[in-house]
Structure formats: C-alpha cells, structure tokens
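What follows is the residue order along each chain.
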Amino acid sequence: MIRPEQALGSHWQVQSSMASDWCLAELSSSPVPSRTRHDFACNVACLVSSSAARLVTLHFQQILNIHLARASFWKLQAFRIPRALGVLTSIARISVNVLPTQLPKLLILYCNSLDTCLEDRTAQDGSYAAIRALGANLKDYAPIFDTLSWLQAKERPAGAITCSAARQNGIVGVLSTFLGRANASYTSPHAGMIVNTLSWYAERNAEGRAKSLAKADSSDTADVLFCCAVGNLLSLKPMLQKASHARLIHGLLLSPSFRAVFLPPSKRPDNYVVTQSMRLLLNECALPSATELIEHYFDTILDLLPRANPCYEIQSGSWLLLSVLVHACPRAAARAFDESVAPILLVHLNPLINRNPEARIHALSLVHVLVCAPDTPKLFSDLSTRTLIEGAVVPNLVWAAGRTANTTRKAALAVLHGLVQGGALLSCTNYAQLMSKLYPILGTNVQEYDTSSREISLSCLNGIFDLLPSASLQEHEFNVLYPVIMKRLDDSSDNIRLNVCSTFSALIRVAGPDLLSGTALEYCAEHFLVHLDDKNADIQKAIFRTLEVLVAHNPSVVDVLSKKLCPIGTSHRDLRLVGRLLPRHSPYG
C-alpha cells in the first residue's frame, strides 16, 4: 500500500509521468470498482490506502486548482491531465460534491479533450475514465446537466450549425459516459432535459450529414455514441413522459444505424449497441416491435415538428424526420394523412409557395413512397386522394422548359401512377369529374421528349380508363385524347407503341360507339391499318387485336375498315393479317 506521505507524490506522478505504458497498464491484481475493465482511474485509486486517501481528500481543492491552472497547456499533456483528474476524483470521492463551481470547468475540459484528441486513444481513454469517476462519485447532477444545457445553447444561435461534428461527438460522449456510471435516483429529475439534449445533437448530426459537413467515420461515431447514451439512460429506468419517449425516438430515427432495424432480418447489420438500445426502448414502452413503436408514437413525434415557414429546407432535421417517418411507417402516415401529414406536404408541393424545384422533387418522391407502399392506397380517404391529385399532381404536371422541370413532371407522373395502380382512385365519389382535370395535362405529357415520361403517361391513361364505366367519356375529353394517343404509333420506342394499343382499346370502351365515328373513326382506322404491316411482329399482333376490339365494339366500323383496307392492303408486305381481318368483317377478300 502507498504510505500517506507518498500519496500526493504518487498522484502528481500520474499527472506528470511520461511512462505511458505504466499509465495504460491494466492492474488486474487489484479490485476494480468499475464495469469497465481498463478503468485506470478506479484501478489506481484502489491501490491507495485509506490514510493516503484522507490526505489527498484534505488537499483536494488545492490539487484540483493546480490541474485546472495547467489545463491551458492540455494539448501538450493531453493524456495526463484528464487521467490524473480521474484518479483524483476516484480517491477524493465525496470531496467532489463540495466544489460545484469547479464541475463546469472539469466538464468543459473533458469535452475539449474528446473534441481535439481524435487520434490520441490514450487521451480519449483518460477523459472517459475521468468522466466515469465523476459519475460514480457525484451526488448532485444539476451542475453537470446545467453545463451541458449551456453548451447546447451556446452552439445553437438561431438554429444554426456552429459546432463541428467532433465537438458534438465530444459532448454526447461525455453525457453517455457519465450516464454509464450515474445513479438512477439522481438522474431521474433530469431525464427530460437529457432526452432533449440528446435529441438536439442527433438532429444537428443528421443535418451535418445531409449537408456533407460530417465525414462518414464521424457520422458513424455519432450514431454509436448516441445509441450508447440512449442505452445508458434507459438502463437507469427513468420515469419518462410520452413526449420524452417521442423525442427520444425522434433522435433515434435520425440515426442511420438505428434505422437499420426496419430492414429485413437478412439485410440487417449486426450492431450490438443499436440492438441493445432498441431492446431497452421496447421494454420501456411495453411494445413488441420497432414498427409498432413508431406507429404508437407517430402522431406525437409529428407534433414535435416545428411549423414550416413556409417550407423546410431539405437538409433540415425536420424534413429528414418527416422523410424517415414516411419510409419507416407508411401505413401510419396514410392514416394520419388528412389531419397531420397533408398540411405539411402540400406547402412543399405547391409551386407558388415552394419555388425550389429540387425541394418539390424531394417532396414528390416522398409522396410516391407513401402511395406505393403495400396497402396504403386503400387507407386513403376520398379527401386524401383528391388532395394528392389536385395539390400534388396537377400543379407539378404543368409543362415548363428545362431538365429540372422535366424531372418534376416525371415525379408527379410517378405519384399519379402509384395512385392509379394502387387502387386509391376507387375511393373517389366523383371519379370521372376528378379525372377530367387530368386529361389535357396527360395529353401534353404523352408527347414529352422524355421516353419514360411518355410511357408513364400512357400507363396512367390506361389505368384511368379501366376504372371508368363504359361510355362515360365526354366528347371534348375524347377529342383531346385520341389524336395524341394515335400519334404515338410513330414513336421511336416499341414499348410505347405497344402501350398505345392497350390504351386505345381501353379508350374505345369508355368512349362509346357514338364518339368514335365520322372523321375520328376514319383517322384511327387508317393509322392502325398502316401499322398493321409493322416490321415488329409483336406490334402487328397488338394492332390486330385492337382492330378486333374496335370492330366488336362498333359493328358499323366494318364498312370503314373495308374502304381503308382495299388500297392499303395491296401495299402490305405480309397480307396474312389483312386476310384474317377482311374475310371476317367484309365481302372483300
């Protein structure tokens, strides 16, 4: 055992010695009152006799002042000062509670050490050992949490990101480590503040990642530190309100490591820290799965979003959280669409309010995820579907020049296609009237220079026609649509030409025999007969089937076809399809 007269000298040797191997050695022969095997501060404290400890405790304030005075040179003694303070705290124990004014200085010193000594593992270990010693011996946690709140307020003027990723990680690391050795009864009164602090730093880290301010390894470190802090907090079993649970989940959802729990088990990475924090959170909230956890707190988490003024930045924590919620729980977002989700999304989708086309594309992509998720279209009400079509699709389908405008229109078409194919339009009470607003715009988009836009537009029209009752199309609607559809028979894409055939077959049914007559009938028959001799055999068969549908729907078409087939058929390279059509429907042949 160390003699009393050697206690101060031994402590100072810890602080000034350059024998780093001795400082890092694990003293496994002595009892270690710590859950951390390599906790140097506690190990050294166990070697000091009770009389020596009393001597150090008696001079605790003087020794502490010496260390803090020398802290201005901490860059030159990075691993020695925090490690020495950890030993001092472990030896003096109760004495740290009589100097609350010094605690903020200690905390800031440890934060600075973790912030700056990123490549010095010895300094990092020394700081964490000192923080654990502080958490194990402190009785009043108010100065610690007040200091963390002050640091948070210092770094958030007007919501700006002013602290570096390393600084954020340092503060979260201090809090996580402190909670790892803290007393549950002393922590509970401050649990709400701890949750708010962790959530705020998670949001800042997510924004930094979105704006590429944080390096990939720094972001990974932030995720691990945040999940560790959450796990340490929940292991203390604090009494948290529902709003605190929601804010804790809000912070976790912004962590890419935590979001991996929503992946299928085969694709889910093995991450003990994340798995442990999730297990503790599910036990705390008495819920069986991550999805049910988010669905249970969905409305509360959404209420935490600030009011958009007028729109969120796409790299902001608010927009990132909304995006994560929709991706993770589309069913909950669909159920809450009218009351909570739509008011937020519509301002981001309106070109008159949100003049940033990139932001509107992000918003449309988010809506597309929502409408294409399994079973979510069936959860949309009539109001939801109308809101999406009139507030999201129609304003963003208006033609404008430029590549970005084309991408915006394509994103809007994708949303409409998801609504049509998912069956959301079945909930509309006045479906035909709602679709009439789309026909002129879709007719324009069918003629887009972008191939995929033309293909999606035709697919949307086909799906819309399939949902309409027979002979329900108005004459002016038919006159707008049939010429642009027929022109696509000359498209450069064979897929689009095949889609024209199926779309026109659906159009025949909803137009009725009265609309498809006269000039319109002659125009369509002539175009189909010309392409009946197409070099692509699949297109020939598709056109032949369309002509059969046309004749079956309106027998009076036989005379028009016979009139057109006589001059056109003689120029065909292959008369087999003409021969199959003519004997069946006319005396010619």
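What you are looking at is a predicted structure, and each value in this text was computed from that prediction instead of being measured.

Rules and cut-offs
Residues numbered from 1 in each chain as written. Predicted model: local features only at pLDDT ≥ 70, side-chain atom pairs only at ≥ 80, totals over all residues. Heavy atoms only, no water. Helix = DSSP H or I, 4+ residues; strand = E, 2+ residues; numbered from the N terminus. Buried < 20%, exposed > 50% of the residue type's maximum accessible area, 1.4 Å probe, protein only. Contact = heavy atoms within 4.5 Å. Axes fitted to C-alpha atoms, helices over the stretch in contact; angles between N-to-C directions. Parallel < 35°, antiparallel > 145°, perpendicular 65-115°, else oblique. Nonpolar A, V, L, I, M, F, W, Y, C, P; charged D, E, K, R; others polar. Expected span 1.5 Å × (residues − 1). Left-handed = near helix turned anticlockwise from the far one by under 90°. pLDDT = per-residue confidence, 0-100. Phe/Tyr/Trp six-rings, centres within 6.5 Å; stacked < 30°, edge-to-face > 60°. Polar contact = N/O pair within 3.5 Å; in protein donor to acceptor, adjacent residues only side chain to side chain. Salt bridge = Lys/Arg side-chain N within 4 Å of Asp/Glu carboxyl O. Lys, Arg positive; Asp, Glu negative; His and termini not counted. Disulfide = S-S within 2.5 Å.

1. Here we look at the overall build of the protein
Okay, step 1: Check the secondary structure of the protein and you find 33 helices and 0 strands.
Okay, step 2: A burial count over the protein gives 54% of its 589 residues as buried.
Okay, step 3: Considering only intrachain contacts with a sequence separation of at least 6, the fraction spanning at least 24 residues in the protein is 74%.

2. Quick word on the packing of helix 12 (residues 191-210) against helix 19 (residues 317-328)
Okay, step 1: It is at 9 Å that the axes of helix 12 and helix 19 come closest, and there the two elements cross at 90 degrees. Put simply, helix 12 runs roughly perpendicular to helix 19. Judged by residue contacts, E203, A206, E207 and A210 of helix 12 engage G317, S318 and L320 from helix 19.
Okay, step 2: Among the residues forming the contact of helix 12 with helix 19, the class breakdown is 3 nonpolar, 2 polar and 2 charged.

3. A word on helix 31 (residues 537-553)
Okay, step 1: For helix 31, built from 17 residues, the straight-helix expectation of 24 Å at 1.5 Å per residue is met to within 8% by its first-to-last C-alpha distance of 25 Å.
Okay, step 2: Among all positions of helix 31, only I539, Q540, A542, I543, F544, T546, L547, L550 and V551 are buried.

4. Thoughts on the packing of helix 22 (residues 357-372) against helix 24 (residues 403-422)
Okay, step 1: Direction vectors running N to C along helix 22 and helix 24 enclose 15 degrees, while the axes themselves pass 9 Å from each other. Taken together, the axes of helix 22 and helix 24 are roughly parallel relative to one another. Both helix 22 and helix 24 take part in a crossing whose hand is left-handed. Contact residues: helix 22 offers P357, R360, I361, L364, V367, H368, V371 and C372, while helix 24 offers T404, T407, T408, A411, A412, A414, V415, G418 and L419.

5. Remarks on the confidence of the model for the protein
Okay, step 1: Mean pLDDT over the protein: 77, with 74% of residues reaching 70 or higher.
Okay, step 2: Per-element mean pLDDT across the protein ranges from 32 in helix 2 (residues 20-24) up to 92 in helix 22.
Okay, step 3: Contacts from residues 1-38, a stretch scored under 50 in pLDDT, to residues over four places away or in other chains number 71 contacts.
Okay, step 4: When the criterion is pLDDT under 50, residues 585-589 qualifies, and its contacts beyond four places in sequence or with other chains add up to 9 contacts.

6. Observations concerning the packing of aromatic side chains
Okay, step 1: The final tally for this structure, using the stated rule, is 6 aromatic pairs.
Okay, step 2: With 6.3 Å between their ring centres and 40 degrees between their planes, Y439 and F465 make a pair best called tilted. Taken together, the positions of Y439 in helix 26 (residues 439-445) and F465 in helix 27 (residues 451-467) put the pair 26 residues apart, joining distant regions of the chain.
Okay, step 3: Here Y439 falls in the buried class, since its relative accessible area comes to 2%.
Okay, step 4: Among the aromatic side chains, those forming a connected cluster through ring pairs are F478, Y482 and Y523.

7. Some remarks on the side chain of T197
Okay, step 1: Its place among the elements puts T197 in helix 12.
Okay, step 2: Residues within four places of T197 in sequence aside, it is in contact with Q152 and L175.

8. Remarks on the environment of T503
Okay, step 1: Relative to the helices and strands, T503 is located in helix 29 (residues 494-515).
Okay, step 2: The sequence separation of T503 and L458 amounts to 45 residues, and the corresponding C-alpha distance is 6.7 Å.
Okay, step 3: Side-chain polar atoms of T503 contact the backbone oxygen of L458, separated by 3.4 Å.
Okay, step 4: Here N499 takes part through its backbone oxygen, which lies 2.8 Å from a polar atom of the side chain of T503.

9. Regarding the pattern of salt bridges
Okay, step 1: Taken as a whole, this structure holds 9 salt bridges when the rule is applied.
Okay, step 2: In this structure, R204 and E203 form a salt bridge, with 3.3 Å as the shortest nitrogen-oxygen distance.
Okay, step 3: Relative accessible area serves as the criterion here: at 15%, E203 is assigned to the buried category.
Okay, step 4: When the shortest N-O distance is used, the salt bridge between D382 and R386 registers 3.4 Å.

10. Here we look at helix 28 (residues 475-487)
Okay, step 1: Compared with the 18 Å implied by 1.5 Å per residue over 13 residues, the 19 Å span of helix 28 between its first and last C-alpha is a close match.
Okay, step 2: Burial in helix 28 covers these residues: E477, F478, L481, Y482, V484, I485 and M486.
Okay, step 3: Looking at the buried positions of helix 28, the neighbouring elements they touch are helix 25 (431-436), helix 26, helix 27, helix 29 and helix 30 (518-531).

11. Topic: the side chain of R360
Okay, step 1: Locating R360 in the fold gives a position in helix 22.
Okay, step 2: Comment: no salt bridge for buried R360; closest opposite-charge side chain is E358, at 11 Å.
Okay, step 3: Looking at R360, its side chain comes within polar contact range of the side chain of N396, at 3.0 Å.
Okay, step 4: In contact with R360, not counting residues within four places along its chain, are H348, L349, N350, P351, N354, R355, N396 and T408.

12. Looking at unusual backbone geometry
Okay, step 1: Despite not being glycine, K237 shows a phi value in the positive range, around 55 degrees.
Okay, step 2: Given the relative accessible area of 65%, K237 is considered exposed.
Okay, step 3: With a phi angle near 70 degrees, D375 is a residue other than glycine that sits in the positive phi range.
Okay, step 4: Looking at where D375 falls in the secondary structure, it is placed in the loop between helix 22 and helix 23 (382-397).
Okay, step 5: Judged by relative accessible area, D375 falls into the partly exposed class, the value being 43%.

13. Let's talk about the state of the cysteines
In a disulfide, the sulfur atoms of two cysteines are held together by a covalent bond.
Okay, step 1: The full count for this structure, using the stated rule, is 0 disulfides.
Okay, step 2: Unpaired in this structure, C228 has its nearest cysteine sulfur neighbour in C227, at a distance of 7.4 Å.
Okay, step 3: With relative accessibility at 27%, the residue C228 sits in the partly exposed group.

14. A short note on the environment of S149
Okay, step 1: Tracing the chain through its elements places S149 in helix 9 (residues 142-154).
Okay, step 2: What makes S149 partly exposed here is its relative accessible area of 27%.
Okay, step 3: Residues S149 and I194, 45 residues apart in the sequence, show an inter-C-alpha distance of 8.8 Å.

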